[in-house]
Amino acid sequence: MTTSTLPGHPHFSYRGDALFAEDVAVSRLAAEFGTPLFVYSKASMLDALAAYQRGFEGRAAKICYAMKANSSLAILQVFARAGCGFDIVSGGELERVLAVGGAPSDIIFSGVGKTRAEMQRALALGIGCFNVESEPELDVLNAVAVAAGKVAPVSIRVNPDVDPKTHPYISTGLKGNKFGVAHDRTLAAYRHAAALPGLKVVGIDCHIGSQITTEAPYLDTMDRMLDLVQAIESAGIALKHIDFGGGLGISYNGDQPPQADALWHKLLAKVDARGFGDRQLMIEPGRSLVGNAGLCLTEVLYLKPGESKNFCIVDAAMNDLPRPAMYQAFHAIVPAQRSTGTPHTYDVVGPVCESGDWIGRDRELAVEPGSHLAVLSAGAYCMSMASNYNTRGRAAEVLVDGTSATLIRERETPADQMRSERLVS
Ligand SMILES: *Cc1c(COP(=O)(O)O)cnc(C)c1O
């Protein structure tokens, strides 16, 4: 029996004609847990993390997993046990980190719209750093901290005005974006922060976008960030850490993003050349740690020939896999069991009542009703963005580790969905 690994997905392979996640046949998982089903490979997650760890070997560095990519508790546990901190963007994410025993001091809190209540809770717990995104937020955080008798550790998120050359909805470091403090306001914002009694400046951060597949935007951003570090420190404000954000892309469709270790080798050379090699470095990767560690298994319900298109209607939909509908994103779709049947060209679509509910267009597939398909690269920004639209329960999730497969989230039931609703009298 021949084994062939899926390109870009080292722990997913065909053994003969059966698709495996590590040492588990995915058809077996579909039979046992039903579909749609997210299947994650723990080894893939740890491999992706190891590339960053290699890049930072011998350095004072902290990898904070940007958990909005996939915030399922067992996924967080894997990263917490592997030594990661967390980058959070809401009070809800903060509670998830606590639920898996993550240390508050290993948390950084990003986001343009933090509420006072979120700030109070994070301060009371002693989180590591607030990544502040505007000058008004500095004043609100200061007021909240003074009222609580605390001092909030802050970093200011700089908008470096660099084009990450990615989809406009996931580009965040350009002048017109809502994120961060404008590059030319940065020094003034730091002076303001340093003068506020409830704040202690500890670092500087940026995050220029997501699914970045070339290294040039990162190299440019590093130059611009280091210019700012120099200017801020010349103004007498010490920066303990430099946080470079996340955003490294993954291969969805043969893309060849930079490798984390090679990219960081180049970025660290710049840090050293400018004499900032002794600063603590932080990064906030999300997608690149989990994106290609997960797939979504779905069952073919109907094949529907049409005049201009053939449709392959599956039991997963835009509520499970929102990226195609949101960003016209591409996910590879492969069979759980390869067949010798004649392939036809299909649009793979879900049951949701929206024409935007498609998962893949013009795919060559040899399938019949009851076949299982695997939608690849579904580890990031799928389950964490899933909704209940059409009162569809969110999918179940399984974590594979070698030969073992553990259910880490039960399939959501209609009763789960209605639990917090009330009838009128
Ligand atoms: C979303 C986000 C990240 C992670 O982005 P990826 O593209 O998933 O790596 C990091 N930092 C901040 C502030 C974010 O909002």
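Quick caveat: nothing in here was measured; it's all calculated off a predicted structure.

1. Some points on the overall build of the protein
Thought 1: The number of helices and strands found in the protein is twelve helices and 22 strands.
Thought 2: Compactness check: the protein gives a C-alpha radius of gyration of 23 Å against a globular reference of 22 Å for 425 residues, within 12% of the reference.
Thought 3: Along the three orthogonal principal directions, the C-alpha set of the protein runs to about 70 × 65 × 40 Å.
Thought 4: Restricting the contact set of the protein to residue pairs at least 6 apart, pairs at least 24 apart contribute 69%.
Thought 5: Of the roughly 17,900 Å² of accessible surface on the protein, a fraction of 52% belongs to carbon and sulfur atoms.
Thought 6: With 39 positive and 46 negative side-chain charges, the protein shows a separation of 4 Å between the mean positions of the two kinds.

2. Focus on the packing of helix α2 (residues 42–55) against helix α9 (residues 260–273)
Thought 1: One way to put it is that α2 packs onto α9 with a least axis distance of 8 Å and a crossing angle of 25°. Relative to α9, α2 is oriented roughly parallel. Between α2 and α9 lies a crossing whose hand is right-handed. Residue-level inspection shows A51, Y52, R54 and G55 of α2 in contact with α9, the latter providing A260, D261, W264 and L268.
Thought 2: Residues of the contact of α2 with α9, tallied by class, amount to five nonpolar, one polar and two charged.

3. Re the sheet that holds strand β2 (residues 9–15)
Thought 1: Spatial strand order, β1-β2-β3-β4: four strands in an open sheet with antiparallel pairing. Strands with a single pairing partner mark the edges of an open sheet, and in this sheet they are β1 (3–6) and β4 (24–25).
Thought 2: By the bridge criterion, four bridges tie β2 to strand β3 (residues 18–21) in an arrangement that is antiparallel. Within the sheet, the bridge partner assigned to R15 lies in β3 and is A18.

4. Here's the deal with the UniProt feature "binding site: substrate" (unreviewed entry) in the protein
Thought 1: What UniProt calls "binding site: substrate" (unreviewed entry) maps, in this numbering, to R287, R323, Y327, E354 and Y381. A maximum C-alpha distance of 26.9 Å among these annotated residues, which run over 95 residues, shows that they spread across the structure rather than meeting at one spot.
Thought 2: Position of R287 relative to the elements: it lies in helix α10 (residues 287–290).
Thought 3: Looking at R287, the relative accessible area reads 4%, which means it is buried.
Thought 4: Note that Y327 resides in helix α11 (residues 323–327).
Thought 5: Here Y327 falls in the buried class, since its relative accessible area comes to 12%.

5. A look at empty space enclosed by the protein
Thought 1: Enumeration according to the criterion identifies one cavity of 30 Å³ or more in this entry.
Thought 2: Roughly 60 Å³ of internal volume is contained in the largest cavity.
Thought 3: Taken together, Y52, Y218, F244, G245, G246, L248, L263, W264 and I283 make up the full set of residues lining the largest cavity.
Thought 4: Here the residues of the lining of the largest cavity sort into seven nonpolar, two polar and no charged.

6. Considerations on the pattern of salt bridges
Thought 1: Within the structure shown, the criterion is met by 23 salt bridges.
Thought 2: Close ionic contact of D23 with R15 constitutes a salt bridge, the shortest N to O distance being 2.6 Å.
Thought 3: For R15, a relative accessible area of 24% puts it in the partly exposed group.
Thought 4: Where D17 meets R338, a salt bridge forms, and the shortest distance between an N and an O atom there is 3.4 Å. Here R338 lies in the loop between β17 (333–335) and β18 (344–349) and D17 lies in the loop between β2 and β3, a separation of 321 residues in the sequence.
Thought 5: A relative accessible area of 34% means that R338 is categorised as partly exposed.
Thought 6: Among the ionic contacts, a cluster of salt bridges with common partners joins K309, D347, R361 and D362.

7. Some details on the packing of aromatic side chains
The description of two aromatic rings rests on the distance between their centres and on the angle between their planes.
Thought 1: Following the criterion strictly, the structure yields seven aromatic pairs and no others.
Thought 2: For the pair Y65 and F86, a centre-to-centre distance of 6.4 Å together with 70° between the ring planes defines the contact as edge-to-face. Here F86 lies in strand β7 (residues 85–88) and Y65 lies in strand β6 (residues 61–66), a separation of 21 residues in the sequence. Here the two residues Y65 and F86 agree in accessibility, since each one is buried.
Thought 3: When the ring of F244 is compared with that of W264, the centres are 5.5 Å apart and the planes differ by 80°; the resulting orientation is edge-to-face. Residue F244 is located in the loop between β13 (241–243) and α9, and its partner W264 is located in helix α9; the two are separated by 20 residues in the primary sequence.

Parameters and conventions
Residues numbered from 1 in each chain as written. Predicted model: local features only at pLDDT ≥ 70, side-chain atom pairs only at ≥ 80, totals over all residues. Heavy atoms only, no water. Helix = DSSP H or I, 4+ residues; strand = E, 2+ residues; numbered from the N terminus. Rg over C-alpha atoms; globule rule 2.2 N^0.38 Å. Contact = heavy atoms within 4.5 Å. Areas by Shrake-Rupley, 256 points an atom, 1.4 Å probe, with all protein chains shown as cover. Lys, Arg positive; Asp, Glu negative; His and termini not counted. Charge placed at Lys NZ, Arg CZ, Asp CG, Glu CD. Axes fitted to C-alpha atoms, helices over the stretch in contact; angles between N-to-C directions. Parallel < 35°, antiparallel > 145°, perpendicular 65-115°, else oblique. Left-handed = near helix turned anticlockwise from the far one by under 90°. Nonpolar A, V, L, I, M, F, W, Y, C, P; charged D, E, K, R; others polar. Pairing = 2+ DSSP bridges. UniProt positions renumbered as here; feature names shortened; annotations may be inferred. Buried < 20%, exposed > 50% of the residue type's maximum accessible area, 1.4 Å probe, protein only. 1 Å grid on protein atoms, 1.4 Å probe; cavity = no way out; pocket = protein on both sides within 12 Å on 5 of 7 lines; lining within 4 Å. Points joined across faces, edges and corners; volume = space filled by probe spheres on them. Salt bridge = Lys/Arg side-chain N within 4 Å of Asp/Glu carboxyl O. Phe/Tyr/Trp six-rings, centres within 6.5 Å; stacked < 30°, edge-to-face > 60°.

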